[in-house]
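Structural characterization, general
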Amino acid sequence: MYGLLGRKLGHSLSPQIHHVFGDYPYELFCREPDELDEFFANESLTAFNVTIPYKVEAFKRCDELSESAKKIGSVNTVVRRADGTLFGDNTDYFGFSKMAEKYSADFKGKKVLILGSGGASLTVQHVARDFGAEKVIVVSRSGENNYENISMHSDAQIIVNTTPVGMFPNNCERLIDLSRFSRAECVLDLIYNPMKTQLLLDADELGISNGNGLYMLVAQALRSAEQFFDRKLGDGLIDKAYNEIQNSFTNIVFIGMPGCGKSTVGKIIAEKLSKKFIDTDAEIVRISGRKIPEIFAEDGEKIFREIETEAVKETGKKLGCIIATGGGAVLKKINRDALKQNGTIIYLKRELSDLAVDGRPLSAGDNAIEKLYNERKGIYESFADFTVEVSGDAQITAERVIKCVSL
C-alpha cells in the first residue's frame, strides 16, 4: 500500500501524479496528530509520502535518513524496509532543483531573495547555496530581513516565494512590488494554484523569466516513486505528468468583439473535451439578478463593469474550464490578470459585418461597432496567446481553436 499522509488532503494532486508513474494503489491518509503512532506502526504501508504538518514528525520517527533529509531537517518520503525499519528521504530538494533547472534559475554567484522562512524555505535555501549562490537572504514578517526593510535587497537577482500568499482562494495577493527589483532575472513561486500568481503575472509584465511550483511537485513525486520501488523510472516521466496535469488545469478563455461567437464556439469545445463551460455574461446575470440590457438602462456602464469584474475574478479562479467573456471584459487590467492566471487566451477575430448585435447595448447605433473595435483591437491582440479567424461554421472554428492549443 502506498499513499500520502497529511491532515487536510482534499485537493491533493498526488494520486493523479503517481498514476502516471505506474499502476500501483496510491491513497490519501488524512490523520490527526493523535493517530500518528498507529499510522507509523501499520506494517501494511509499504511506503508513503508526507506533507504538512507532519514532515518534521516523520523525520523524528525514521530509523535512517538520507543526506537531503538530514540537511533540511524534515522528511516527505518514508519507505518501510524488509526488517520493518523506516528510511526517510526529502525529495523536495530534488524537486526544487529540477524546477530551478526548468526555468533557467542559475544560482551561481547570484543574490537570492527567499520570501518565507518555513519548511519549504529551508529546502530552497539549501538548493540555492549548494548551487553556488553568493548571498541567500530570507525574508519573514518579523525577522531581521522583513517586508518593511525589503528595499535593502532590491538588487536581488533571483526571487523565490515559499509562502502561501497569493494561493487560491486569495489569488490576487502578493508580498512585494516586483517593479522595484530592477536586477531580477528569474522569479519562482512554489504555489501552483493559481498557475500564475500575481507575483508571476507581474514578472510576465516586466519580461522576467518565471515559473510556478507544479514542476517541483511532480519532480519530487517521481523521486519518491523511485524510492518506493528502488529503481530509476526516468526523468522523462516528469514532463509527461507535468504536461498532463497542466493541460487538465488550464482554462481556455475566449475574448473578442460582442457577437463574434465566443459562447457558441466555447460550448462546442466544452462538449468535445468534456469540460465545464462558463459564460461571464451569464455570471453577471446570476450575480445581479438582472439581464445585461437592464443593468445598462438602469445603472449605466460603470456599474455594469463593476459587476463584470466581480464575475470575472471568480470565474478566473476556476481550473480546467472553457470560458467565454463579454466583449469589454478585457478593458480592465484586473480582469485580464484574473483571466490569465489559469488561462490560455484565444482571440476570436470575425469580420465586423458578421457580428451579431441583438441585445448588445454597446453595439447599437451608427458606427458603434467600428468605434468599439478601434478602441479594443489593440488590447485583444496584445492580450491573446492565439488569434483564431472565425469561420461561418462554428464547428470549423472550434477545430481551429483545438489545433491551436494542441488539445
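What counts, and where the lines are drawn
- Residues numbered from 1 in each chain as written.
- Predicted model: local features only at pLDDT ≥ 70, side-chain atom pairs only at ≥ 80, totals over all residues.
- Heavy atoms only, no water.
- Axes fitted to C-alpha atoms, helices over the stretch in contact; angles between N-to-C directions.
- Helix = DSSP H or I, 4+ residues; strand = E, 2+ residues; numbered from the N terminus.
- Parallel < 35°, antiparallel > 145°, perpendicular 65-115°, else oblique.
- Left-handed = near helix turned anticlockwise from the far one by under 90°.
- Contact = heavy atoms within 4.5 Å.
- Buried < 20%, exposed > 50% of the residue type's maximum accessible area, 1.4 Å probe, protein only.
- Pairing = 2+ DSSP bridges.

1. A short note on the packing of helix α1 (residues 14-21) against helix α8 (residues 214-229)
At their nearest, the axes of α1 and α8 sit 10 Å apart, and the two run at 60° to each other. As judged from the angle between their axes, α1 and α8 are oblique. At the point where α1 passes α8, the crossing takes the right-handed sense. On α8, the residues touching Ile17, His18 and Phe21 of α1 are Leu217, Val218, Ala221, Leu222, Ala225 and Phe228.

2. Topic: the pairing of strand β9 (residues 158-161)
Side-chain alternation along β9 places Ile158 and Val160 on one buried face and Ile159 and Asn161 on a second face that is also buried. Both β9 and strand β10 (residues 186-189) contribute to a ladder of four bridges, which runs parallel. Across the sheet, Val160 pairs through a bridge with Leu188, a residue of β10.

3. Quick notes on the sheet that holds strand β3 (residues 47-50)
With mixed pairing, six strands are arranged side by side in an open sheet as β2-β1-β3-β5-β6-β4. Because the sheet does not close on itself, it has two edges, and the strands there are β2 (26-30) and β4 (64-65). Those strands touched by α1 are β1 (2-6), β2 and β3, and its axis lies near 155° from that of β2. Contacts between α8 and the sheet are confined to β1, β2, β3, β5 (77-80) and β6 (86-89), with β5 contributing the most and set at about 10° to the helix.

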